Amino acid sequence: MKEKLESRYGYFMISSIIYGFFFTFCLYRNLHGITLPFWVAGTLAYFILAFRQLELKIKKDTVFYAAAALLLGISSVLTDDLFLHFFNMAGILLLLGVSLLYQMYEERKWGFGRFIMNISTFFWDIMESIALPFSQTGKFFKKKSGQENKKLKYVLLGILIALPLFLIVVLMLVSADRIFYEMVSKALSYIRIDMNIVFIICMIFLGIILIYAAVGGLVNYRLKEDQPACKNQEPIIAITFTSILCAVYLIFCGIQVVYLFAQGVTGLPGDFTYAEYARRGFFELLFVSILNFAMVIICNTFFRDHKALKVLLTIISVCNYILIASSIYRMILYVAVYHLTYLRVLVLWFLILLAFFMAGALICVYRSKFRLFFYCMIVLTIGYLGFSFARPDYLIANYNLAHMEVMHIDDIHYLMNSLSDDAAPAIAKLDPENIEGASRAYSDAFSFDAQQTRKMEFYDYFYKLDEKYQSSWRKYNFSEHKAQIAAVQYLEKHEEDKKLLKVDFN
């Protein structure tokens, strides 16, 4: 495979140069614009053509991950959420990496741990292959010339030595003589460097190097395909500590079923408030649920099969579902009173995802050949795609505004300042006159009554939102466009607020 890459150096280098320009056009200062999904599609096209050059057939599993990466790119164009932008990009890179591994290796023999190790090794191999395009370029020109040009080599070496010495000497002489300083300053004043051009050139080279290194990392390094025999530990050890934990979990889960789920329907236990009850124990239960998931995988991976161990792991898995249900129920009680925040939505989403992960771990107890990592990747991919396309900021704003009996300006501050502009269309439906409280920032700065400060804050929010998005078509984002439309409509509808407050926003 390595020989094929070297023999087709011309094709891979030219295609990598084209990709470098395409990469820069799509992503330069633009990680959530309309060009992002085109970059994903272009990257996939590059690898498909590379596989053809390397005489590799596209596998079915590769198609799923490639399609998911493309959907994540589309999702980024539909939201203004920076959290989603970051994890969408991380997800795209992860899915591309996993798809390349599926393409190059027979992963059905890999266990959960082996897959994690190999995907980490693969990305490390790409970093180690960054020098590959330079070394192969040197070999290519060496073959073309027939022999290495030693004089050119010595000249380049002399230039490299001269550069730092030149800078040091000039800096010293500038400090030593005023006339020389003025002469150098005048010469430099005629040199105007546009930093955008510098960054664009650097990004083009970055795209060329990374895509070539990705192919090089695939063909130059061989990962371990065989799963080492690690299921050799004495099962009595696992039976001992899992049986002790099972006893604790059965008692705790019994309390949850009899007391929490039965009486929680009619009221809260004792004198707890919703905040105290929901928060007390929630994060502890979340931690224990994750710990149980890891414990089932570890026991199933390292300890020899035993009927008693399988029964105990099954009991722990069932108890873990009760713990997950208890965590979800506590959070729902909290949300019912204190409404949604981004963290609460994220936690609820993760708990649902953990329940699906737990099902895969339980299947592994009885089916040793079950592809747990593949299953978890599918669940995580579909779950995250659903979360990303749902645009949680907009859902949070809509839910909170629909379920607040009394809206206070502090609640609106959270929507305006803590959420992304996805929430703007929901906020635009509000009327400042129907909100309680005064805006502290504007009441301290201006002599306005509470209602006027609210109107001023709303008008200022949407005015800045309208001015914020004046970008090119390359950076078009659906959510930003929708937010701008909502801002324009609000400003037109409340034009009198600008005149009433006598504030010059222009």
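Residues numbered from 1 in each chain as written. Predicted model: local features only at pLDDT ≥ 70, side-chain atom pairs only at ≥ 80, totals over all residues. Heavy atoms only, no water.

1. Considering the packing of aromatic side chains
Selection rule: In this analysis, rings of Phe, Tyr and Trp, with Trp reduced to its six-membered ring, are considered paired at centre separations within 6.5 Å, and the interplanar angle assigns stacked below 30 degrees, edge-to-face beyond 60, and tilted for intermediate values. Secondary structure elements are taken from DSSP: a helix is a run of H or I of four residues or more, a strand is a run of E of two residues or more, and numbering for both begins at the N terminus. Remark: exposure states derive from per-residue accessible area (1.4 Å probe, protein chains only) relative to the maximum for the residue type, with buried under 20%, exposed over 50%, and partly exposed in between.
Under the definition given, this model contains 25 aromatic pairs. Pairing Phe25 with Trp473 gives two aromatic rings, centres 6.1 Å apart and planes at 50°, and the pair type is tilted. You can see Phe25 sitting in helix 2 (residues 9–27) and its partner Trp473 sitting in the loop between helix 21 (450–468) and helix 22 (478–493), a full 448 residues away along the chain. Judged by relative accessible area, Trp473 falls into the exposed class, the value being 59%. With centroids separated by 5.8 Å and ring planes inclined at 85°, the aromatic side chains of Tyr46 and Phe47 adopt a geometry described as edge-to-face. The exposure class assigned to Tyr46 is buried, which follows from its relative accessible area of 8%.

2. A short note on a nonpolar patch on the surface
For clarity, the threshold we go by: Candidate patch residues must exceed 30% relative accessible area and have no salt bridge, after which like charges are joined if within 9 Å and Val, Leu, Ile, Met, Phe, Trp or Tyr side chains if within 5 Å. Here the Shrake-Rupley method, with its probe set to 1.4 Å, supplies the accessible areas, and only the displayed protein chains count as covering residues. When a carboxyl oxygen of Asp or Glu lies within 4 Å of a side-chain nitrogen of Lys or Arg, that pair is called a salt bridge.
The grouping of Trp124, Met127, Ile130, Leu206 and Leu210 at the surface amounts to a nonpolar patch, some 460 Å² of accessible area in total. Secondary-structure elements contributing two or more residues to the nonpolar patch are helix 6 (112–128) and helix 10 (195–220). Secondary-structure assignment places Leu206 in helix 10. Classification of Leu206 as partly exposed rests on a relative accessible area of 42%.

3. Topic: the side chain of Ser16
The following threshold applies: Pairs of residues are marked as contacts when any of their non-hydrogen atoms sit within 4.5 Å.
Counting through the fold element by element, Ser16 comes out in helix 2. Take Ser16: its relative accessible area is 0%, and that puts it in the buried class. Excluding residues that lie within four positions of it along the chain, Ser16 makes contacts with Tyr46, Ile208, Ile211 and Tyr212.

4. Some thoughts on the pattern of salt bridges
For the structure shown, the criterion picks out six salt bridges. We note a salt bridge from Glu55 to Arg8, for which the minimum N-O separation is 3.9 Å. With Glu55 in the loop between helix 3 (35–53) and helix 4 (60–77) and Arg8 in the loop between helix 1 (2–7) and helix 2, this pair connects stretches of sequence that are 47 residues apart. One salt bridge connects Lys455 with Glu433, and the closest N-O pair in it is separated by 3.2 Å. Separated by 22 residues along the polypeptide, Lys455 in helix 21 and Glu433 in the loop between helix 19 (424–427) and helix 20 (440–445) bring together distant segments of the chain.

5. Some details on the packing of helix 17 (residues 392–403) against helix 18 (residues 409–417)
To characterise two packed helices, one gives the angle between the axes of the helices and the distance between these axes. Quick reminder of the rule: Axis lines are fitted to C-alpha atoms, over the contacting stretch for helices. Their N-to-C directions set the angle, which ranges from 0 to 180 degrees. Convention used here: angles under 35 degrees read as roughly parallel, angles over 145 as roughly antiparallel, angles from 65 to 115 as roughly perpendicular, and any remaining angle as oblique. Charged residues are taken to be Asp, Glu, Lys and Arg, nonpolar residues to be Ala, Val, Leu, Ile, Met, Phe, Trp, Tyr, Cys and Pro, and polar residues to be all remaining types, Gly included.
Relative orientation of the contacting elements helix 17 and helix 18 amounts to 170°, with a least axis distance of 10 Å. Relative to helix 18, the element helix 17 is oriented roughly antiparallel. Listed contacts from helix 18 to Ile396, Ala397, Asn400 and Leu401 of helix 17 are Ile412, Tyr414 and Leu415. For the contact of helix 17 with helix 18, the residue count by class is six nonpolar, one polar and no charged.

6. Section: helix 16 (residues 372–389)
The criterion, for reference: Given a helix with a known number of residues, its expected span is that number minus one, times 1.5 Å.
With 18 residues, helix 16 extends 26 Å from end C-alpha to end C-alpha; this agrees with the ideal 26 Å at 1.5 Å per step. Those residues of helix 16 that fall on the buried side of the exposure criterion are Leu372, Phe373, Phe374, Cys376, Met377, Val379, Thr381, Gly383, Tyr384, Leu385, Phe387 and Ser388. Just past helix 16, the residue Arg391 takes up positive phi, approximately 50°.

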